[in-house]
Amino acid sequence: MPASRSHARPVALAVWLMIAGVIGWIAAFALTTERLHLLEDATATASCDFNLVVQCGANLTSPQGSVFGFPNPLLGLTGWVAPIVVGAAILAGARFARWFWLLFWAGMAFAFGFVIWLISQSIFVLGTLCPWCMVTWFVTIPSFYAVTLHVLRSGTVPLPRRGRAVAGTLSGWVPLLAVLSYVAIAVVAQLRLDWIGFL
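Residues numbered from 1 in each chain as written. Predicted model: local features only at pLDDT ≥ 70, side-chain atom pairs only at ≥ 80, totals over all residues. Heavy atoms only, no water.

Taking an unreviewed UniProt entry as the reference, the chain is identified by name as Vitamin K epoxide reductase domain-containing protein belonging to Microbacterium arborescens. What UniProt states about the chain under its Subcellular location (unreviewed entry) heading is, verbatim, "Membrane". The chain has a UniProt comment under Sequence similarities (unreviewed entry) that states "Belongs to the VKOR family." (UniProt positions renumbered as here; feature names shortened; annotations may be inferred.)

(A) Up close: the UniProt feature "transmembrane region" (unreviewed entry) in the chain. Residues annotated by UniProt as "transmembrane region" (unreviewed entry) correspond here to residues 12-31, 74-92, 99-119, 125-152 and 173-193. The distance separating the terminal C-alpha atoms of residues 74-92 is 28 Å; by composition the span is 89% helix and 0% strand. (Helix = DSSP H or I, 4+ residues; strand = E, 2+ residues; numbered from the N terminus.)

(B) Representation of the confidence of the model for the chain within the structure. Across the chain, the average pLDDT comes to 93, with 96% of residues at or above 70. Long-range and interchain partners of residues 1-6, a stretch whose pLDDT sits below 50, account for five contacts in this model, where long-range means more than four residues apart. (pLDDT = per-residue confidence, 0-100. Contact = heavy atoms within 4.5 Å.)

(C) Quick look at the nonpolar core. Core analysis: the largest hydrophobic core is formed by 39 residues, its most contacted members being Cys56, Phe104, Ile123, Leu129 and Trp137. A total of ten residues in this core trace back to one element, the largest contributor, which is helix H7 (residues 131-153). Ignoring anything within four residues of it in the chain, the contact list for Leu129 reads Val53, Val54, Gln55, Ser122, Ile123, Met134, Trp137, Ala189, Leu193 and Trp195. (Core = buried A, V, L, I, M, F, W, Y, C linked by side-chain atoms within 4.5 Å. Buried < 20%, exposed > 50% of the residue type's maximum accessible area, 1.4 Å probe, protein only.)

(D) A look at a nonpolar patch on the surface. On the surface, Val166, Leu170, Trp173, Leu176, Leu177, Val179, Leu180, Val183, Val187 and Leu191 cluster together to form a nonpolar patch covering roughly 890 Å² of accessible area. Mapped onto the nonpolar patch, the elements with two or more residues apiece are helix H8 (161-171) and helix H9 (174-193). Broken down by element, the residue count for the nonpolar patch peaks at seven residues, all from H9. Along the chain, the position of Val183 falls in helix H9. (Patch = residues over 30% accessible without salt bridge, like charges linked within 9 Å, V, L, I, M, F, W, Y side chains within 5 Å. Areas by Shrake-Rupley, 256 points an atom, 1.4 Å probe, with all protein chains shown as cover. Salt bridge = Lys/Arg side-chain N within 4 Å of Asp/Glu carboxyl O.)

(E) Inspection of helix H5 (residues 81-91) at higher detail. The set of residues buried in H5 consists of Pro83, Val86, Gly87 and Ile90. Projection of H5 onto a plane perpendicular to its axis shows the buried side chains occupying an angular sector of 100°, all on one side. (Arc of directions from axis to C-beta.)

(F) Examining the packing of helix H6 (residues 98-126) against H7 more closely. The N-to-C vectors of H6 and H7 enclose an angle of 145°; their axes lie 9 Å apart at closest approach. Judged by the twist between their axes, the crossing of H6 over H7 is left-handed. Listed contacts from H7 to Trp101, Phe104, Trp105, Met108, Ala109, Ala111, Phe112, Val115, Ile119 and Ser122 of H6 are Thr136, Trp137, Thr140, Ile141, Ser143, Phe144, Tyr145, Val147, Thr148, His150 and Val151. Among the residues forming the contact of H6 with H7, the class breakdown is 15 nonpolar, six polar and no charged. (Axes fitted to C-alpha atoms, helices over the stretch in contact; angles between N-to-C directions. Left-handed = near helix turned anticlockwise from the far one by under 90°. Nonpolar A, V, L, I, M, F, W, Y, C, P; charged D, E, K, R; others polar.)

Structural data, given as C-alpha cells:
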C-alpha cells in the first residue's frame, strides 16, 4: 500500500535527523580531537576526564575504543553525515526509494546496536561514563526509534494496517521512549558505578 503524504515526506523526522546529525558529529569531532591529543602525549589526560567514573580517556584508549582497528569516533565523523544529508534532502522535497530507506534503517540499526554494546562495555567492563560518548548515546537512541517507526508506519516494511497504525501512534511517543531508555541506562549505571556519588 502506498505511503500517505505525511509519511512520504516526514518533516519532523527530517528536522530531527539534521539536529541529531550535527550533535553526533560534534561529539565525534570532540572525541577524535581528544584521541589525537592522547596519541601525542601518552601521559596527558583528556579534557573530559572529570573523575574516576566520569571520563573519556579510559574509553578512548581501551580496546573497545578501537573495535575495528581505528578510533571509534572516526565512525561518527563519517556516519553522522548521513542523517544530516537525508534530513536536508527530505526537507528539499526528495523522495527516497524503498531500498534506500531499508539501507538507511540498517545503518541506524547498526549504530543503535553498536551504542548498546558500547554502553554495556562502558558500565560493566570499563567502569566509566564518557561524557562525549553519552552525547552520542543521547542522539543515537531516539534516532533509531524514529527511523524504525517511520519505515514501519510508512509501509516500507510490509505490515498489516493495524501494525502501521500502532507504529504511527508510537511515533508521537519517541521522546518518551528515549527518556525511558535514558532513565534505564542511568539506573543501571548508578547501581553498578554509583556515578551520583562522584558528582
